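Structural features, examined
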Amino acid sequence: MTTVYIIRHGETDFNRLYRFIGSTDHPLNERGIAQAETLREPMSKFALDRIYSSPLKRTMMTAERVRNGRDLEIIEAPGLREIHCGAWEGLNREEIEVKWPGEINLWEKHPHLLHMEGGETFAEVQDRAINAFCEIIARERGNCIAITSHMLTIQLIMGKLLNVPICDVWEMVRLENTSITTMTIEDNGDFAVVRWADDSHLPQSLKNANVKIAGIHNTSFEAKYDISDVEGSHHFSGFAVV
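Residues numbered from 1 in each chain as written. Predicted model: local features only at pLDDT ≥ 70, side-chain atom pairs only at ≥ 80, totals over all residues. Heavy atoms only, no water.

We now examine the pairing of strand β1 (residues 2-8). Summarising burial for β1: seven of the seven residues are buried, a large majority. The two faces of β1 match: Thr2, Val4, Ile6 and Arg8 on one face and Thr3, Tyr5 and Ile7 on the other face are all buried. Pairing of β1 with strand β5 (residues 180-185) involves six bridges; the strand directions are antiparallel. Bridge assignment links Ile7 to a residue of β5, and that residue is Ile180. In this sheet, strand β4 (residues 144-149) lies alongside β1 in parallel orientation, the contact comprising six bridges. Residue Ile6 lies in a different strand from β4, and its bridge partner there is Ile147. (Buried < 20%, exposed > 50% of the residue type's maximum accessible area, 1.4 Å probe, protein only. Helix = DSSP H or I, 4+ residues; strand = E, 2+ residues; numbered from the N terminus. Pairing = 2+ DSSP bridges.)

This is the structure in structure tokens:
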């Protein structure tokens, strides 16, 4: 059995300002560093074999806190990076609406139809992210690993595994900064989501009062796919040993 801990990075300034960060390589801000520091204690309980991370600063800084001084290799996995937002990078929803009327609504309501100018589609991100994820699982069979990545990238990976269509990617229980999703994977393709988006290690002062997604300001979010839909036993043929 392979055990995987999937962790979203801590907060950045663009997260705080609801600006599209995408592939822009921002580090964690002061609050994000404080969030990442809280990962040291819970993650130190696990005998990790390796850590994989998106190569961006915010995920690598988070991975360092997961490593917590242990003699563990952090391997950069470019396929786990966040969506490239093209011409939208650095902008907020109001600025995007002025330049590309109606497209910010696609981001929020119909993401499967969106193709940002110069950026990736959600389907393109899902394809390269699930490929990267499956390659890691094949390489690490029987091991215990941690992966640090990004909200949308993780949601798209998990959406593929759980048969959640891209049009509903924002309808899953949200992955807050430094939340930990725990999975176990069997060689026959069976897997279990043991715990989804656990952020119990965060003090209340470091938790988000509202959803921290570029373009989406929501203080009363209710997921269409709740914990009962995602936690538990599933099957994904891409995990099966051929």
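Following the structure, the description resumes.
Attention now moves to the packing of aromatic side chains. Applying the stated criterion to the full structure yields 11 aromatic pairs. Pairing Tyr5 with Phe46 gives two aromatic rings, centres 4.2 Å apart and planes at 15°, and the pair type is stacked. You can see Tyr5 sitting in strand β1 and its partner Phe46 sitting in the loop between α3 (40-43) and β2 (50-53), a full 41 residues away along the chain. Since its relative accessible area comes to 26%, Phe46 is described here as partly exposed. (Phe/Tyr/Trp six-rings, centres within 6.5 Å; stacked < 30°, edge-to-face > 60°.)

Let us look at the environment of Leu72. Structurally, Leu72 is set in the loop between α4 (57-67) and β3 (74-76). Once the C-alpha coordinates of Leu72 and Arg31 are considered, the two residues, 41 residues apart in sequence, prove to be 25 Å apart. Ignoring sequence-local partners within four residues, the contact set of Leu72 consists of Leu48, Asp49, Arg50, Ile51 and Arg67. (Contact = heavy atoms within 4.5 Å.)

Further remarks concern the packing of helix α7 (residues 122-139) against helix α8 (residues 151-162). At a minimum axis distance of 9 Å, the contact between α7 and α8 shows a crossing angle of 75°. Between α7 and α8, the crossing angle belongs to the class labelled roughly perpendicular. For the pair formed by α7 and α8, the contact residues are Phe122, Val125, Gln126, Ala129, Ile130 and Phe133 on the first element and Leu152, Thr153, Leu156, Ile157, Gly159, Lys160 and Leu161 on the second. Across the contact of α7 with α8, the residue classes break down as nine nonpolar, three polar and one charged. (Axes fitted to C-alpha atoms, helices over the stretch in contact; angles between N-to-C directions. Parallel < 35°, antiparallel > 145°, perpendicular 65-115°, else oblique. Nonpolar A, V, L, I, M, F, W, Y, C, P; charged D, E, K, R; others polar.)

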